[in-house]
Amino acid sequence: MNKDAAFDAVIVGAGVAGALIAKRLTDAGLTVLVLEAGPGTSRGLDDYTRHLERFYAASAKSPESPWPPAVGAPQPDTTALRNNDGYFVQRGPNPYGSSYTRLWGGSTLHWLGVSLRMLPEDFRMRSLHGVGRDWPLDYTALAPYYERAEREIGVSADVADQSYLGLTFPDGYDYPMQRVPPSYADRVLGAAVDGMPVTLGDEEFAIRVRSYPAARNSIPRGDYRPMGAVDIRTGDGPSIPPLQGERCQGNTSCTPICPVQAKYHAGKTLAQADLRLLTVRVQAVASKILVDPASGAVQGIEYKRYDDPDGAAHTTQVATGRTYILAAHAVENAKLMLASGLEGPRGQVGRTLMDHPALYAWGLAPLDVGAYRGPQSTSGIEELRGGAFRARHAAFRFDVGNDGWRASTGAPDTAVSDAVMTRNLFGPALRAQLGATLPRHVRLSLAVEQLPDPDNRVSIDPGYLDPLGNPRPVIDYRIDDYTLAGMAAASEVARAVFRRAGVADCTDPSKGSWFPSVFYQGREFHYHGMGHFAGTHAMGADPAGSVIDADQRAWEHRNLFLVGSGSFPTMGTSNPTLTLAALALRTADRLVESLAT
């Protein structure tokens, strides 16, 4: 077994949290080793282009289609939900419907880029609504780090659109780039429903279609310089091809791959780190945390290094440093801890797994709204993310899709097939039918809040191992009545929105019948995961109810940090990336303070 030279910090995972911390530490003159389980094939522009070509050639445009797993670093695949034969060992009772990517750059390679802040009330769910848990910090404490994260990852938005439900910004602050322009579909829907009253419990809300913050490059403000495509070649350092990716070009494949890299991914942050002080070791799967049993201090990270992404042959090495940061993923962090015999205080590691179970609603607008033009989504309905009703059922938010019924029914391909095979249309009649319907397709994505439940968890079982002999994640997952009631409320609001806009509601759960289904008060809902994993190593004010403290430092191992969305005590309705990025920057500051002494 080989032992690496000691570094100031060893980071597991080259996703957004690990990348932001690595950049901050190297900026402070500290040496950093990053262990990435997956290959580094997204680093070079030529290799990135090959991933793009793989996506173009794929018949199923799933989040994983451009990003195939290595044998040594398997990953969940949304298509495996149909047969329960993927990387996850699903024990139910409900399938967990989300996936992530194990590559240099992590899941930001395939995300949509939505960069919402959490609401102030999201940090105080127990105090305000009597459900969930409170965070050990509040919105005020995290707000300066939200600003830094928005600049680090390059968020496009206008503060005027984001001041709602208690969200506040300092005088004079605005996002580093102007908002991505609302689509024509956004403007048509907004003209019909802006100001529409919605009643939930005893409260009335006036909803509107508003642009949301997105980590996609637009027009910069002030001296901000957008980061476009990166090209890191071994020994040559990073280069940035001129003009490529400096502006969003309106492609329709934000998820799963931006053709020009105008959308942020964690590789952009790694490219800006001090490469003289940063070592990134790809195809290096962390397999065990080595702990001094007397002191509880971490002494090293054992990892398995493979040379061939298509094979399982590997060598075992140990990385050593002064401090250790697990930034792999909410699931992978928990799995590594458990594989090392580290269950946390009261066995809390892996528990309170959360997601945003989401529904689709789709319909036919009364006029052409320009469907199937990118970006995939540019606006949402946010007013129902917060309110007193959260004491009774989950909050929710809507994304307005610009990609027609692609996600919900597989259109336009399925629309063509149906017209030909079922309606026997061809020639001019076929063209007329498609021309009259496809541009009118409208789709909403309804993302619903989920509370922490200790029985929803990641665990391991020696009977389920991957090709390198590492444990596969075993998932126990149930969607409870709080979330189901939120699903019911969200679907009713979607129907009302369609009625107000004159959209013929075509929502038919049987069309998405391969999605998992749940039942509530006699209704069946087909849901999908949003890829918003959270909660497996939650932070808290004391070890009695958490794994880590507010700095994301492990209570039981004081030179070990667990970062990412696994740290969330609750998750509200916002996509987790901006919040986990803000938390990572906050932790990075604490690390610089402690390692500089």
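The numbers attached to residues start from 1 for each chain and follow its sequence in the written order. At least 70 in pLDDT is required for a residue's local features to be given in this predicted model, at least 80 for side-chain atom pairs to be given and counted, and no such filter applies to totals for whole chains, interfaces and linings, which use all residues. Excluded from the side-chain calculations are hydrogens and water; all other atoms, namely the structure's heavy atoms, are used.

Novice: Explain the overall build of the protein to me, please; I cannot follow it from the model alone.
Specialist: Per the convention used, a helix needs a DSSP run of H or I reaching at least four residues, while a strand needs a run of E reaching at least two, with both numbered from the N terminus. The secondary structure content of the protein amounts to 13 helices and 24 strands. Throughout, radius of gyration means the C-alpha value; the globule benchmark is 2.2 Å times the number of residues raised to the power 0.38. Its C-alpha atoms give the protein a radius of gyration of 23 Å, within 12% of the compact-globule value 25 Å for 597 residues. Considering only C-alpha atoms, the protein reaches an extent of 70 × 55 × 50 Å along its principal axes. Per-residue accessibility, obtained with a 1.4 Å probe over protein chains only, is compared with the maximum for each type, and a residue is labelled buried under 20%, exposed over 50%, and partly exposed between these values. Relative to its full complement of 597 residues, the protein shows a buried share of 63%.

Novice: What am I meant to see in the pattern of salt bridges here?
Specialist: Opposite charge on two side chains allows them to pair when their charged atoms are near. Each reported salt bridge corresponds to a side-chain nitrogen of Lys or Arg within 4 Å of a carboxyl oxygen of Asp or Glu. Using the criterion set out here, one finds 33 salt bridges in the structure. R221 is the salt-bridge partner of D158, the closest N and O atoms lying 2.6 Å from each other. Taken as a pair, D158 in the loop between α4 (139-153) and α5 (159-162) and R221 in the loop between β7 (210-211) and β8 (231-233) lie far apart in primary sequence, 63 residues in all. D551 is paired through a salt bridge with R590; the nearest N and O atoms lie 3.4 Å apart. With D551 in the loop between β23 (523-526) and β24 (560-562) and R590 in helix α13 (residues 577-595), this pair connects stretches of sequence that are 39 residues apart. Given the relative accessible area of 22%, R590 is considered partly exposed. Connected via shared salt-bridge partners are D158, D161, D174, R179, R208 and R221.

Novice: Whenever I open this one, the sheet that holds strand β10 (residues 278-281) confuses me. Can you help?
Specialist: Paired through backbone hydrogen bonds, the strands of a sheet run either parallel or antiparallel to each other. Here, strands pair whenever DSSP counts at least two bridges between them. One open sheet accounts for 5 strands, arranged β10-β3-β2-β14-β24; its pairing is parallel. Whereas interior strands pair on both sides, the edge strands pair on one side only; in this sheet they are β10 and β24. Across this sheet, the average inter-strand angle for adjacent strands is 15 degrees, counted without regard to direction. We call two residues contacting when some pair of their heavy atoms lies within 4.5 Å. Think of each axis as a best-fit line through the C-alpha atoms, taken over the contacting stretch in the case of a helix, with angles from 0 to 180 degrees between the N-to-C directions. α13 contacts β2 (7-12), β14 (321-326) and β24 of the sheet and is inclined by roughly 170 degrees relative to β14.

Novice: What should I look at first to understand the sheet that holds strand β18 (residues 441-448) in this one?
Specialist: An order of β7-β16-β17-β18-β15-β21 is seen for the 6 strands of this open sheet, with the pairing classed as antiparallel. The open sheet is flanked by β7 and β21 (504-505), the only strands paired with a single partner. The pairing of β7 with strand β16 (residues 377-381) spans 2 bridges and is classified as antiparallel. When the sheet's bridge partners are listed, R210 is paired in β16 with G380.

Novice: I would appreciate a short explanation of the side chain of Q317 in the present structure.
Specialist: Inspection of the secondary structure puts Q317 in strand β13 (residues 314-319). Accessibility expressed as a relative area gives 11% for Q317, which makes it buried. N or O atoms within 3.5 Å of each other form a polar contact, as long as, within protein, one can give a hydrogen and the other can take it, and as long as residues adjacent in sequence are counted only when both atoms are side-chain atoms. In terms of polar contacts, Q317 uses its side chain to reach the side chain of T315, at 3.5 Å.

Novice: Before we go on, may I ask you to explain the packing of helix α1 (residues 16-27) against α13 in this structure?
Specialist: How two helices sit against one another is set out by the angle between their axes and by the gap between those axes. Closest axis-to-axis distance for the α1/α13 pair is 9 Å, and the angle between their directions is 30 degrees. As summarised for this structure, α1 and α13 are arranged roughly parallel, according to the angle between their axes. For the pair α1 and α13, the sense of crossing is right-handed. Along its contact with α1, which presents V16, A17, L20, I21, R24 and L25, the element α13 presents T577, L580, A581, A584, L585, A588, D589, L591 and V592. When describing relative orientation, an angle under 35 degrees is termed roughly parallel and one over 145 degrees roughly antiparallel, while 65 to 115 degrees is termed roughly perpendicular and anything else oblique. Put simply, a crossing is left-handed when the front helix is turned counterclockwise from the back one by less than a right angle, and right-handed when it is turned clockwise.

Novice: Help me understand the UniProt feature "domain: Glucose-methanol-choline oxidoreductase N-terminal" (unreviewed entry) in the protein in this model?
Specialist: UniProt positions are given in the numbering used here, feature names are shortened, and annotations may be inferred rather than shown by experiment. As annotated by UniProt and renumbered to match this structure, "domain: Glucose-methanol-choline oxidoreductase N-terminal" (unreviewed entry) occupies residues 248-358. When the span residues 248-358 is considered, its composition is 15% helix and 31% strand, and the gap between its end C-alpha atoms is 26 Å.

Novice: Looking at this structure, I do not really get the packing of aromatic side chains. What am I missing?
Specialist: Centre-to-centre distance and the angle between the planes together describe a pair of aromatic rings. Any two rings among Phe, Tyr and Trp, with Trp reduced to its six-membered ring, count as a pair given centres within 6.5 Å; such a pair is stacked if its planes are under 30 degrees apart, edge-to-face if over 60, and tilted if neither. For the structure shown, the criterion picks out 18 aromatic pairs. It is K61 that lies over the ring of F55; its NZ or CZ is 4.9 Å from the centre. Our definition puts a charge over a ring when NZ of Lys or CZ of Arg is within 6 Å of the ring centre and also within 35 degrees of the ring normal.

Novice: So what exactly am I meant to see when it comes to the pairing of β2 here?
Specialist: Two faces, one strand: in a regular strand the side chains alternate between the faces of the sheet. In terms of residue burial, β2 counts as a mostly covered element, since 6 of its 6 residues are buried. Here β2 runs beside β14; their pairing, made up of 5 bridges, is parallel. When the sheet's bridge partners are listed, F7 is paired in β14 with G321. Alignment of β2 against strand β3 (residues 32-35), held across 4 bridges, turns out to be parallel. Bridge pairing links I11 to V34 in β3. You can see the chain leave β2, run along α1 and come back into β3, and the turn it takes is right-handed. With the strands aimed away from the viewer, a crossover counts as right-handed if its path from the first strand over the helix to the second runs clockwise.

Novice: What should I look at first to understand the pairing of strand β20 (residues 474-477) in this one?
Specialist: Going residue by residue along β20, you find V474 and D476 tucked away on one face and I475 and Y477 tucked away on the opposite face as well. Judged from the 3 bridges that link them, strand β19 (residues 457-459) and β20 form a sheet pairing that is antiparallel. Bridge pairing links R457 to D476 in β20.

Novice: It is not clear to me how the environment of A185 should be interpreted in this structure. Could you clarify?
Specialist: Relative to the elements of secondary structure, A185 occurs in helix α6 (residues 184-193). Judged by its relative accessible area of 12%, A185 falls in the buried class. Those residues in contact with A185 that sit more than four places away from it in its chain are V369 and N402.

Novice: How should I be thinking about the side chain of S62 in this particular structure?
Specialist: As for its placement among the helices and strands, S62 is situated in the loop between α2 (45-57) and β4 (89-93). On the basis of relative accessibility, which here comes to 12%, the residue S62 falls in the buried class. Apart from residues lying up to four places away in sequence, S62 is in contact with T78, T79 and P256.

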